Number of protein chains: 2
Amino acid sequence: MPSNEKLVLALPKGRILGEVVPLLRRAGIVAEPGFAEEEARQLRFATSHAGLDLIRVRSFDVATFVAFGAAHLGVAGNDILMEFDYPEIYAPLDLGIGRCRLAVAAPAEDATREDPARWSHVRVATKYPDITRRHFAARGVQAECIKLNGAMELAPALGLCRYIVDLVQTGSTLRANGLVEIEPVAEVSARLIVNRAALKTRPEEVSSWIERFREVANAA
Amino acid sequence: MPSNEKLVLALPKGRILGEVVPLLRRAGIVAEPGFAEEEARQLRFATSHAGLDLIRVRSFDVATFVAFGAAHLGVAGNDILMEFDYPEIYAPLDLGIGRCRLAVAAPAEDATREDPARWSHVRVATKYPDITRRHFAARGVQAECIKLNGAMELAPALGLCRYIVDLVQTGSTLRANGLVEIEPVAEVSARLIVNRAALKTRPEEVSSWIERFREVANAA
């Protein structure tokens, strides 16, 4: 990676992006026009810093781009970091945005009858099969996970599974689908992540961005 | 599956939905208001048929809902059917919509130098790792696949990989990112799919929907 190459910061589309943009602005990073257009064909954007470009990708892909060194820095929820568990990613800073929690949920009528201690095998629809298997395995329960990319709230009513593991922000999507939270899996917030090799080969540049984001996050 | 339960038809959000709705209308299926609202919390919708509900889920999840019998029918591209290769899914009908192709692409400057016959190992970013591995393995090439959920057009310029395997419709996204098609993988169009168990346990209902869609697709 020659050091005259621009640094690339990968940002997640969707839920968190609206909270990331003000944070970038406070860190002195202004994206070129077009970054805010959700439907744009353009995927890579220059910024007010000659040495820093942004890419806007799906939240799960932020971790992949950073893990493989295709982006040097990124913003990703710890839900995604826990799911992938990439050794190439270093997550030095909690940005304090994108707060929600990962939780187990079930239909309201089942939840009142549940005693989680008695489960031995569960079928779970989730975007997070690895986290889910580890969560249940920690108390000796085998979780058969059905990977869905969205709309897992539909799954119990359609007989696909009895439980889901999903992000919960206000709980209104769960309620709208007759589901209630049974137990928490993890508190979630967005982290600044960096590729470990980039931190070694370009320590001044990468560290100065970490420090700048640290100041901004602490001031919030 | 009691036969007084409603049949559920799973439809894909995004690219194909705009072509599916007119097809449904010609088949006499009108969704309740709210179905057209992309951002609605509601995930399941009644139709003008008392015995048929719609769910609107991500395109990859259509196949999963139908494979597990949570939806009895669905609309899915053969790209997704090839990737998952679920034995529980029967795909009796090409609906002739959502046409595009799955192709290998590379940066324009590499493509002119390529001789695919000489490849022995390739690194490929794709949403379709199974199809990609099989495609390359068929001529003795080992493909190391990096799974991305979108924006794979970014990957070669960022050094993540040299090739991508992705859907191509007009080619304008490829061109905008300096990529060209090297070779086709598969022609893609949307299929009506059914859960094999549902076809056995509720043959009259499921078959009559297949026939109705066949008439509509043939008339188009």
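What you are looking at is a predicted structure, and each value in this text was computed from that prediction instead of being measured.

## Side note on the overall build of chain A
Right, so step 1: When helices and strands are tallied, chain A shows eight helices and 11 strands.
Right, so step 2: If one aligns the C-alpha atoms of chain A with their principal axes, the spans along those axes are about 60 × 35 × 35 Å.
Right, so step 3: Burial status across chain A gives 40% buried among its 220 residues.

## Observations regarding the interface of chain A and chain B
Right, so step 1: Each partner contributes residues to the interface: chain A has 28 residues there, and chain B has 28 residues.
Right, so step 2: Contributions of two or more residues to the side of chain A that touches chain B are made by strand S3 (52-57), helix H2 (59-67) and helix H6 (172-176) of chain A.
Right, so step 3: The greatest single-element share of the side of chain A that touches chain B, amounting to four residues, is contributed by H2(A).
Right, so step 4: Here the side of chain A that touches chain B is composed, by residue class, of 17 nonpolar, six polar and five charged.

## A word on the relation of the copies chain A and chain B
Right, so step 1: The transformation that overlays chain A on chain B combines an axial shift of 0.0 Å with a rotation of 180 degrees, and the residual RMSD is 0.0 Å. Such a combination of turn and shift is consistent with a two-fold rotation axis. When C-alpha positions in chain A are compared against the rotation axis, the closest is assigned to A:Asn149, at 4.9 Å.
Right, so step 2: The overlap is high: 100% of the interface residues of chain A also sit at the interface in chain B, so the same surface is used on both sides.

## Let's talk about helix H5 (residues 129-137) of chain B
Right, so step 1: Turning to H5(B), its buried residues number three or more, namely B:Ile131, B:Thr132, B:His135 and B:Phe136. For H5(B), the angular spread of the buried residues around the axis is 120 degrees, confining them to a single face.

## Considerations on the sheet that holds strand S4 (residues 73-77) of chain A
Residue and element names in this part refer to chain A.
Right, so step 1: Strand order in the open sheet formed by six strands is S2-S3-S1-S4-S11-S5, with mixed pairing between adjacent strands. The open sheet terminates on both sides in strands that have one partner only, identified here as strand S2 (44-46) and strand S5 (89-94). Here the average twist between neighbouring strands, direction ignored, is 30 degrees.
Right, so step 2: Here S2 runs beside S3; their pairing, made up of three bridges, is antiparallel. Of the residues in S3, the one forming a bridge with Ala46 is Asp53.
Right, so step 3: Sitting on the sheet, H2 is in contact with strand S1 (7-12), S3, S4, S5 and strand S11 (190-195), with an inclination near 140 degrees to S4.
Right, so step 4: Set on the sheet, helix H8 (residues 203-219) makes contact with S1, S4, S5 and S11; between it and S5 the angle comes to about 30 degrees.

## What about the domain arrangement of chain A?
Residues and elements named next belong to chain A.
Right, so step 1: On domain assignment, one finds that chain A holds domain 1 (7-98 + 189-219) and domain 2 (100-187).
Right, so step 2: For domain 1 versus domain 2, the distance between C-alpha centres works out to 29 Å.
Right, so step 3: Contacts between domain 1 and domain 2 engage five residues on the former and seven residues on the latter.
Right, so step 4: In the side of domain 1 that touches domain 2, the residues fall into one nonpolar, two polar and two charged.

## Regarding H2(A)
All names here are of chain A.
Right, so step 1: In terms of burial, H2 is largely enclosed, as nine of its nine residues are buried.
Right, so step 2: Of all the positions in H2, only Ser59, Phe60, Asp61, Val62, Ala63, Thr64, Phe65, Val66 and Ala67 are classed as buried.
Right, so step 3: In the stretch just after H2, Gly69 is the one whose phi turns positive, near 75 degrees.

## Here's the deal with the environment of B:Leu160
Right, so step 1: Tracing the sequence through the fold places B:Leu160 in the loop between strand S8 (142-147) and strand S9 (163-168).
Right, so step 2: With 22 C-beta atoms counted inside 10 Å, the residue B:Leu160 sits in the buried group.
Right, so step 3: Considering only alpha carbons, one finds B:Leu160 and B:Arg191, 31 residues apart in sequence, at a separation of 33 Å.
Right, so step 4: Every residue in contact with B:Leu160, bar those within four places of it in the chain, is listed here: A:Phe65, A:Phe68, A:Ala70, B:Ala125, B:Ile146 and B:Ala155.

## Description of the confidence of the model for chain A
Right, so step 1: When the pLDDT values of chain A are averaged, the result is 92; 94% of them are 70 or greater.
Right, so step 2: Confidence metrics for the complex model read pTM 0.93 and ipTM 0.91.

## Remarks on the pairing of strand S11 (residues 190-195) of chain B
All names here are of chain B.
Right, so step 1: In terms of burial, S11 is largely enclosed, as six of its six residues are buried.
Right, so step 2: Pairing of strand S4 (residues 73-77) with S11 involves five bridges; the strand directions are antiparallel. Within S11, the position partnered with Ala76 by the bridge is Arg191.
Right, so step 3: In the sheet, strand S5 (residues 89-94) pairs with S11 via four bridges, with the strands oriented antiparallel. Within the sheet, the bridge partner assigned to Tyr90 lies in S11 and is Val194.

## What about the sheet that holds S9(B)?
Residue and element names in this part refer to chain B.
Right, so step 1: Taken in spatial order, the five strands make up an open sheet running S8-S7-S9-S6-S10, and their pairing is mixed. Both edges of this open sheet fall to S8 and strand S10 (179-188), since each of them pairs with a single strand only. Across the sheet, the mean angle from the axis of one strand to that of its neighbour is 30 degrees, orientation sign disregarded.
Right, so step 2: With six bridges joining them, strand S7 (residues 121-126) and S8 adopt parallel strand pairing. Within the sheet, the bridge partner assigned to Val122 lies in S8 and is Ala143.

## Looking at unusual backbone geometry
A negative phi angle characterises most non-glycine residues, just as the trans form characterises most peptide bonds.
Right, so step 1: Positive phi values are uncommon outside glycine, yet A:Ala151 reaches one of about 55 degrees.
Right, so step 2: Along the chain, A:Ala151 turns up in the loop between strand S8 (142-147) and strand S9 (163-168).
Right, so step 3: A count of 21 C-beta atoms within 10 Å places A:Ala151 in the buried class.
Right, so step 4: If you check the backbone angles, B:Asp85 has positive phi at about 55 degrees while not being a glycine.
Right, so step 5: Topologically, B:Asp85 is positioned in the loop between helix H3 (78-84) and S5.

Reading the values: the criteria
Residues numbered from 1 in each chain as written. Chains lettered and ligands numbered in written order. Predicted model: local features only at pLDDT ≥ 70, side-chain atom pairs only at ≥ 80, totals over all residues. Helix = DSSP H or I, 4+ residues; strand = E, 2+ residues; numbered from the N terminus. Buried ≥ 20, exposed ≤ 12 C-beta atoms within 10 Å, placed from the backbone. Contact = placed C-beta atoms within 7 Å. Nonpolar A, V, L, I, M, F, W, Y, C, P; charged D, E, K, R; others polar. Least-squares fit on C-alpha atoms with pLDDT ≥ 70 in both. Arc of directions from axis to C-beta. Pairing = 2+ DSSP bridges. Axes fitted to C-alpha atoms, helices over the stretch in contact; angles between N-to-C directions. Domains from an automatic or database assignment. pLDDT = per-residue confidence, 0-100.

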